[in-house]
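Examination of the molecular architecture
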Amino acid sequence: MHEAEPLPPEETETSVYRGESGSASPASPGDAGGGCRELWRVAAPLVVSSSFFTIQMTIDRWMLSHQSSAAIAAAMTGAVWYWTPMALLQYTSMYTATFVAQYVGAGRYDRVGPAVWQGMYFSLLAGLGFLLLIPTIGPLVRWIGHAPEVQELEKQYLECLSFATLPFLLVATTNAFFSGRGETWRVLVTDGAGALTAVVLCSLWIHGRWGFPAWGIRGAAWAVVGGNWVAVAVGFSMMLQRRFRDQFHILRGWRPDFRLLRRMMRYGLPNGLQYGVEALAFSVFLVLVGWLDTVSLSATSIAFTINAVALVPMLGLGQAVSVLVGQRLGADRPDLAARIVKTGLFWCLLYTAATAIAFLAFPTWLGRQFRDPNSSVWYQVEPLIPLLLRYVAAYCLFESVSVIFSSALRGAGDTRFVSAATLLTSWCVMVVPSVIGYRHGGGLTMMWTFATAYLVVLSLVFTWRYRQG
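Residues numbered from 1 in each chain as written. Predicted model: local features only at pLDDT ≥ 70, side-chain atom pairs only at ≥ 80, totals over all residues. Heavy atoms only, no water.

Take the overall build of the protein next. Assigned secondary structure in the protein consists of 18 helices and zero strands. Put simply, the protein has 469 residues, and 60% of those count as buried. Taken as a whole, the protein presents about 18,100 Å² of accessible surface, with 66% of it coming from carbon and sulfur. (Helix = DSSP H or I, 4+ residues; strand = E, 2+ residues; numbered from the N terminus. Buried < 20%, exposed > 50% of the residue type's maximum accessible area, 1.4 Å probe, protein only. Areas by Shrake-Rupley, 256 points an atom, 1.4 Å probe, with all protein chains shown as cover.)

With respect to the helices and strands, Phe52 occurs in helix α1 (residues 36-65). By relative accessible area, Phe52 is classed as partly exposed at 29%. As for Phe52 and Ala195, which are separated by 143 residues in sequence, their C-alpha atoms are 6.0 Å apart. Filtering out sequence-adjacent residues up to four positions away, Phe52 remains in contact with Leu188, Asp191, Gly192 and Ala195. (Contact = heavy atoms within 4.5 Å.)

As a packed pair, helix α8 (residues 185-205) and helix α9 (residues 217-239) sit with axes 7 Å apart at the nearest point and diverge in direction by 150 degrees. Comparing the axis directions of α8 and α9 gives the class roughly antiparallel. As α8 packs across α9, the resulting crossing turns out to be right-handed. Judged by residue contacts, Arg186, Val189, Thr190, Ala193, Gly194, Thr197, Ala198, Leu201, Cys202 and Trp205 of α8 engage Gly219, Ala220, Trp222, Ala223, Gly226, Gly227, Val230, Ala231, Val234, Gly235 and Met238 from α9. (Axes fitted to C-alpha atoms, helices over the stretch in contact; angles between N-to-C directions. Parallel < 35°, antiparallel > 145°, perpendicular 65-115°, else oblique. Left-handed = near helix turned anticlockwise from the far one by under 90°.)

Quick look at the pattern of salt bridges now. Enumeration according to the criterion identifies ten salt bridges in this entry. Two residues, Glu183 and Arg186, come together in a salt bridge whose shortest N-O distance is 3.0 Å. With a relative accessible area of 13%, Glu183 lands in the buried category. Residue classification places Arg186 among the buried positions, given a relative accessible area of 5%. Of the charged contacts in the structure, one is a salt bridge between Asp335 and Arg333, with a shortest N-O distance of 2.5 Å. Owing to a relative accessible area of 42%, Asp335 belongs among the partly exposed residues under this scheme. What makes Arg333 buried here is its relative accessible area of 17%. (Salt bridge = Lys/Arg side-chain N within 4 Å of Asp/Glu carboxyl O.)

With respect to the helices and strands, the residue Thr352 is situated in helix α13 (residues 334-361). Here the side chain of Thr352 touches Leu349 through a polar contact of 3.2 Å, landing on its backbone oxygen. Leave out the neighbours within four places in its chain, and Thr352 touches Met314, Cys396, Leu397 and Ser400. (Polar contact = N/O pair within 3.5 Å; in protein donor to acceptor, adjacent residues only side chain to side chain.)

When we look at a pair of aromatic rings, we describe it by the centre distance and by the angle of the planes. Within this structure, the stated rule accounts for 26 aromatic pairs. Seen in terms of ring centroids, Trp40 and Trp347 are 5.6 Å apart; in terms of plane orientation they differ by 85 degrees. Their pairing is edge-to-face. Residue Trp40 is found in helix α1, and its partner Trp347 is found in helix α13; the two are separated by 307 residues along the sequence. Looking at Trp40, the relative accessible area reads 29%, which means it is partly exposed. Taking the relative accessible area as the measure of exposure, Trp347 reaches 29% and is therefore partly exposed. Clustering of aromatic rings is evident, with ring pairs tying together Phe282, Phe285, Phe304, Tyr391, Trp448 and Tyr454. Here Arg181 stacks its cationic end above the ring of Phe177, 4.9 Å away from the centre of that ring. (Phe/Tyr/Trp six-rings, centres within 6.5 Å; stacked < 30°, edge-to-face > 60°. Lys NZ or Arg CZ within 6 Å of the ring centre and 35° of its normal.)

Turning our attention to the nonpolar core. Formed by 138 residues in total, the largest nonpolar core has its most connected members in Phe177, Phe285 and Trp448. Take this core: its biggest share by element is 15 residues, from helix α12 (residues 294-330). Once residues lying within four places of it in the same chain are set aside, the contact partners of Phe177 are Val100, Val112, Val116, Met239, Phe244, Phe248 and Ile250. (Core = buried A, V, L, I, M, F, W, Y, C linked by side-chain atoms within 4.5 Å.)

All right, on to the environment of Ile302 then. Along the chain, the position of Ile302 falls in helix α12. Among the residues examined, Ile302 registers a relative accessible area of 2% and is labelled buried. In this structure the C-alpha to C-alpha distance between Ile302 and Ile385, which are 83 residues apart in sequence, comes to 7.4 Å. Residues in contact with Ile302, not counting those within four places in the same chain, are Ile72, Phe370, Trp378, Val381 and Ile385.

The phi angle at His249 is positive, at roughly 55 degrees, despite the residue not being glycine. On the basis of relative accessible area, His249 is assigned to the partly exposed category, the value being 22%.

In a regular helix each residue adds 1.5 Å, so 35 residues correspond to 51 Å; helix α11 (residues 258-292) covers 48 Å between its end C-alpha atoms and thus fits that length. Met265 marks the point of greatest bend in α11, at about 30 degrees. The buried count for α11 comes to 26 of 35 residues, which makes it a mostly enclosed element. (Expected span 1.5 Å × (residues − 1). Bend = angle between axes of the 7 residues up to and from the residue.)

What follows covers a nonpolar patch on the surface. Taken together, the side chains of Phe163, Trp215 and Trp222 present a nonpolar region at the surface, about 270 Å² in accessible area. As for its position among the elements, Trp222 is in helix α9. (Patch = residues over 30% accessible without salt bridge, like charges linked within 9 Å, V, L, I, M, F, W, Y side chains within 5 Å.)

Here you go:
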């Protein structure tokens, strides 16, 4: 693993890896650790928690697909454009977990509370500031230039979804406190409560039930907002328990610490930038697909939604790898950190191989779950889905390698390289070639070929970086 610059919490300290106490984390007894049991103790709740999000998103898209093909296309493109700035903010907040993990690994529990509070301050300012982007949504949608019926739905979805940013970020920070300490079952409880609430609200607000009006795509967005505020309430109620207040200075550490905040931003912003850059690249990719026609955009949206079944649980496993790498480096055990990475890679490849087989074996059945019986263009959308799922099956194994190795690098503080590699490969391998190909008459398969090539190249770059030592 590349030996990145350490994460010092104060200017007077050399590293959070070696605090004044010099004690190891209770999670790192002796020489044991780094195997399947330790990984899954942390990862299992995160994987299930990520699966909640997948289930919520899939049900949301499934309900919208029964309204119209334009609705599911708009929800996909709207979500991706929302995710472009949101990814930068959310993964910056989530990087609080690495600071928590390394402070716990170094036995410096008094620094955990202040780190969490700096993450809270960032989340509050960023969440409120995000609302200032709402006036730009109309011009953005017009610039994207999709079909008129899709444009109106995209605008509605993005405007409502903007109000989910603040609770999204607050949840990310409270979850960072739990996941950074390895108590990930609390993340499961928090995210599960939010996802369950969002699914219930979707069923009420999309089609209009129990006396509620049928809000359609706006109901889907407001359901996300409501679900995340429920998650905030659950997460805060657990984090403010007395034993956490006493041991980790949860309340006593409330004061702004600009030196610590600056260091968290120094490493957290590049971490968020990786996801923001990637989201922007895929946003441009979807714009190009939408310029082809609505049929291609609808089929791509369905394929990406199905792809989330493979991707999102991997992100939970990757988060566990990042946390455990941070804890092991905090305890000055890089050997165990490397073992964790190998274990995570094995399980990630095993899972994605199974999903790839499912994508190849049942593509028509998977696509038909999003069938719009009232659509006059579904007969054009349906044949494209098996084709696109072949691309998904081809790249998802490489995507799993990318998730694990990039998570390991982030846990070691190597966030700048991860961001730079994502920026260069996404634009040089996927976006720019897709733009050139589109202008020369290229079609859907050409664009998906470039997207697949990007994920393959990125996995090779992260593998090379990790193997540098």
